[in-house]
Amino acid sequence: MRQRLVHRRARQLLAGAILVALTAILGLVFAISWSPSPQSYRFQGVDVSAADGTIEWPVLRGGGVSFAYLTATIGADTRDPMFETNWREVYAAGLRRGPLHVYSLCRLAADQANNFNTTVPGPPDSLPPAIWVDFEEGCAARPDRAVVVGELRRLLTMIETHMRKPALIKISRRFESAYQITAAIPRPIWAVQAYFPPDYTARSWRMWQANAMRRIDGAPTLVHWNVVAP
């Protein structure tokens, strides 16, 4: 009798473990396949870097991608090794393209702008440039807000002069919480929040990174999925 109870309990535990595992798998499958409704958000696209590998851009276009932001530069010294290839191939696939710079609190804005401006061509058909603003690994600097706002304004002015159009500020919740950038600098906002429309910026966002791990045919990795406000 006791042995039968032990076996029954073991079977119940195994069934529970299987159910939990299946639930987790189904949740992951949903998470990596989810994107906002195209009826609500007509223009949807990705932002990628060399970390996302070699992308088949015509396949992405067939999967609903209408634009791509491509990491061009990081800080003052680094150029994304896939930028030139992606820049050329996105255009060849008939998609809109925009360049993205990853901002560093540890480097002067002028040096970062020079890195971007000598890397990115300024064709009139490109999307507005974007600046990704977050706390980066390996940079412990935390300047006063006035310093950060001043440096970002300088960076934006130099990049916008080169590109001849206003830039987007893509900003993380934690950076916005620390520095309130969107209240200080009047630029279009690119906000980041998984699955639910962002609610942390001082002004309405223009673009939303809705999924940081979207699976789509043509991309070897999970990619950032973005939508433009209606």
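Nothing here was measured: the structure is a model prediction, and the numbers come from that model.

(A) The arrangement of the side chain of Glu-160 in detail. Mapped onto the fold, Glu-160 is located in helix H5 (residues 145-163). Excluding residues that lie within four positions of it along the chain, Glu-160 makes contacts with Lys-165, Pro-166, Ala-167 and Arg-187.

(B) Representation of the layout of surface pockets in the model. The volume enclosed by the largest pocket comes to roughly 290 Å³. Residues of the lining of the largest pocket, tallied by class, amount to 10 nonpolar, 1 polar and 2 charged. The volume enclosed by the second largest pocket comes to roughly 230 Å³. Along the walls of the second largest pocket sit 17 residues, with Ser-49, Thr-71, Val-102, Trp-132 and His-224 positioned nearest its centre. Of all elements in the fold, only strand S1 (44-48), strand S2 (67-74) and strand S4 (96-102) reach the threshold of two or more residues within the lining of the second largest pocket. A class-by-class count of the residues in the lining of the second largest pocket yields 9 nonpolar, 4 polar and 4 charged.

(C) Spatial organisation of the state of the cysteines. Taken as a whole and judged by the stated rule, the model has 1 disulfide. A disulfide bridge connects Cys-106 with Cys-139, and the sulfur atoms are separated by 2.0 Å. Taking the sign of the S-S torsion, 100° for the link of Cys-106 and Cys-139, the bridge is right-handed. You can see Cys-106 sitting in the loop between S4 and helix H4 (109-117) and its partner Cys-139 sitting in the loop between strand S5 (130-133) and H5, a full 33 residues away along the chain.

The rules behind these values
Residues numbered from 1 in each chain as written. Predicted model: local features only at pLDDT ≥ 70, side-chain atom pairs only at ≥ 80, totals over all residues. Heavy atoms only, no water. Helix = DSSP H or I, 4+ residues; strand = E, 2+ residues; numbered from the N terminus. Contact = heavy atoms within 4.5 Å. 1 Å grid on protein atoms, 1.4 Å probe; cavity = no way out; pocket = protein on both sides within 12 Å on 5 of 7 lines; lining within 4 Å. Points joined across faces, edges and corners; volume = space filled by probe spheres on them. Nonpolar A, V, L, I, M, F, W, Y, C, P; charged D, E, K, R; others polar. Disulfide = S-S within 2.5 Å.

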